[in-house]
Amino acid sequence: EEGVGSSFSVLLPMYDPNKLSQDEQSTTPDTAVVSNVIAPSKRKRVVYVDDDEKNVRFAERLLFRLGYEVMTYTSPHEAFAEIANRPDKLDLLITDRSMPELSGYDLIARVREVLPDLPIVLVSGFADGELEQQQALGVSGFISKPFEKDEIAEMLERLLDCADESSAGVAD
């Protein structure tokens, strides 16, 4: 009937990165998922911060599938509190640039006080002309939104490999 709309309900299961699907539990070489191949004690720990809940859920799922232990926050204040309380539980930070409570740049400045050498990736659709500010805060990488799986996978692998090499050099 013209002028009368339709209403649909779509029910989707909640995503729990701690529960793997049947496909992800397979250990055959053809179907093994990266996160099953990496021993939990060797998985790199990544914090992802974005005020947009759907961006957080997308990133959580993507990073988990790439084999990372992921902690996500929609509040930069909560993220910083956790980072400050447990700085040894973090290998890399990914933060959005524009958030209402605290900008990504302000979060990075606070994190730098606690973890001056932590690799940090800034994600945004708006920060292209801010290279000087990013360099001043020691931003390790920048990714434009929306980002692709391969783009973030390559950047994190490169940054975490560099961090591992740096820390190995210090221990020698």
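1. Let's talk about the nonpolar core
- One finds Leu-63, Ile-94, Val-121 and Ile-152 to be the most contacted residues of the largest nonpolar core, which totals 22 residues.
- Mapped by element, the contributors of at least two residues to this core are strand 1 (45–49), helix 3 (53–65), strand 3 (92–96), strand 4 (120–124) and helix 7 (149–171).
- Ranked by residues supplied to this core, first place goes to helix 7 with six residues.
- Once residues lying within four places of it in the same chain are set aside, the contact partners of Val-121 are Leu-92, Leu-93, Ile-94, Thr-95, Gly-141, Ile-143, Met-155, Leu-156 and Leu-159.
- Of all hydrophobic cores here, the second largest spans 21 residues; its members include Val-49, Ile-83, Leu-115 and Leu-122.

2. Structural notes on the side chain of Asp-96
- With respect to the secondary-structure elements, Asp-96 resides in strand 3.
- Classification of Asp-96 as buried rests on a relative accessible area of 5%.
- Polar side-chain contacts of Asp-96 include one of 3.1 Å to the side chain of Lys-145.
- With near-sequence residues (within four places) excluded, Asp-96 lies in contact with Val-49, Asp-50, Asp-51, Gly-104, Leu-122, Val-123, Ser-124 and Lys-145.

3. Describing empty space enclosed by the protein
- Counted under the stated rule, the structure contains one cavity of 30 Å³ or more.
- For the largest cavity, the calculated volume is near 40 Å³.
- Around the largest cavity, the lining residues are Val-47, Met-71, Glu-82, Ile-83, Arg-86, Pro-87, Lys-89 and Leu-90.
- Partitioning the lining of the largest cavity into residue classes produces five nonpolar, no polar and three charged.

4. Here we look at helix 4 (residues 76–85)
- Looking only at helix 4, the buried set comprises Pro-76, Ala-79, Phe-80 and Ile-83. Summarising the axial view, the buried residues of helix 4 lie within an arc of 95°, below the 170-degree limit, and thus occupy one face. More than 90 degrees from the buried face of helix 4, the exposed residues found are Glu-78 and Asn-85.
- As for helix 4, its buried residues are in contact with strand 1, strand 2 (69–73), strand 3 and helix 5 (104–114).

5. Describing the packing of helix 4 against helix 5
- The interhelical angle for the contact between helix 4 and helix 5, taken along N-to-C directions, is 5°, at an axis separation of 10 Å. In terms of axis orientation, helix 4 runs roughly parallel to helix 5. Facing helix 4, whose interface residues are Pro-76, His-77, Phe-80, Ile-83 and Ala-84, helix 5 presents Leu-107, Arg-110, Val-111 and Val-114.
- Residue composition of the contact of helix 4 with helix 5, by class: seven nonpolar, one polar and one charged.

6. Some words on the environment of Glu-60
- Counting through the fold element by element, Glu-60 comes out in helix 3.
- Relative accessible area serves as the criterion here: at 10%, Glu-60 is assigned to the buried category.
- Expressed as a C-alpha distance, the spacing of Glu-60 and Val-46, which sit 14 residues apart in the sequence, is 9.5 Å.

7. Examining the sheet that holds strand 1
- In space, the five strands of this open sheet follow the order 2-1-3-4-5, with parallel pairing throughout. Lying at the two open borders of the sheet, with one neighbouring strand each, are strand 2 and strand 5 (141–144). Between one strand axis and the next, the sheet turns by 20° as a mean value, whatever way the strands run.
- Bridge count between strand 4 and strand 5: four bridges; the pairing is parallel. Directly across from Ser-124, in strand 5, lies its bridge partner Ser-144.

8. Notes on the packing of aromatic side chains
- Under the counting rule described, the total for this entry stands at one aromatic pair.
- Seen from their ring centres, Phe-58 and Phe-147 are 5.8 Å apart, and the 50° between their planes marks the pair as tilted. Of this pair, Phe-58 sits in helix 3 while Phe-147 sits in the loop between strand 5 and helix 7; the two residues are 89 residues apart in sequence, bridging distant segments of the chain.
- Here Phe-58 falls in the partly exposed class, since its relative accessible area comes to 45%.

The rules behind the values
Residues numbered from 1 in each chain as written. Predicted model: local features only at pLDDT ≥ 70, side-chain atom pairs only at ≥ 80, totals over all residues. Heavy atoms only, no water. Core = buried A, V, L, I, M, F, W, Y, C linked by side-chain atoms within 4.5 Å. Buried < 20%, exposed > 50% of the residue type's maximum accessible area, 1.4 Å probe, protein only. Helix = DSSP H or I, 4+ residues; strand = E, 2+ residues; numbered from the N terminus. Contact = heavy atoms within 4.5 Å. Polar contact = N/O pair within 3.5 Å; in protein donor to acceptor, adjacent residues only side chain to side chain. 1 Å grid on protein atoms, 1.4 Å probe; cavity = no way out; pocket = protein on both sides within 12 Å on 5 of 7 lines; lining within 4 Å. Points joined across faces, edges and corners; volume = space filled by probe spheres on them. Nonpolar A, V, L, I, M, F, W, Y, C, P; charged D, E, K, R; others polar. Arc of directions from axis to C-beta. Axes fitted to C-alpha atoms, helices over the stretch in contact; angles between N-to-C directions. Parallel < 35°, antiparallel > 145°, perpendicular 65-115°, else oblique. Pairing = 2+ DSSP bridges. Phe/Tyr/Trp six-rings, centres within 6.5 Å; stacked < 30°, edge-to-face > 60°.

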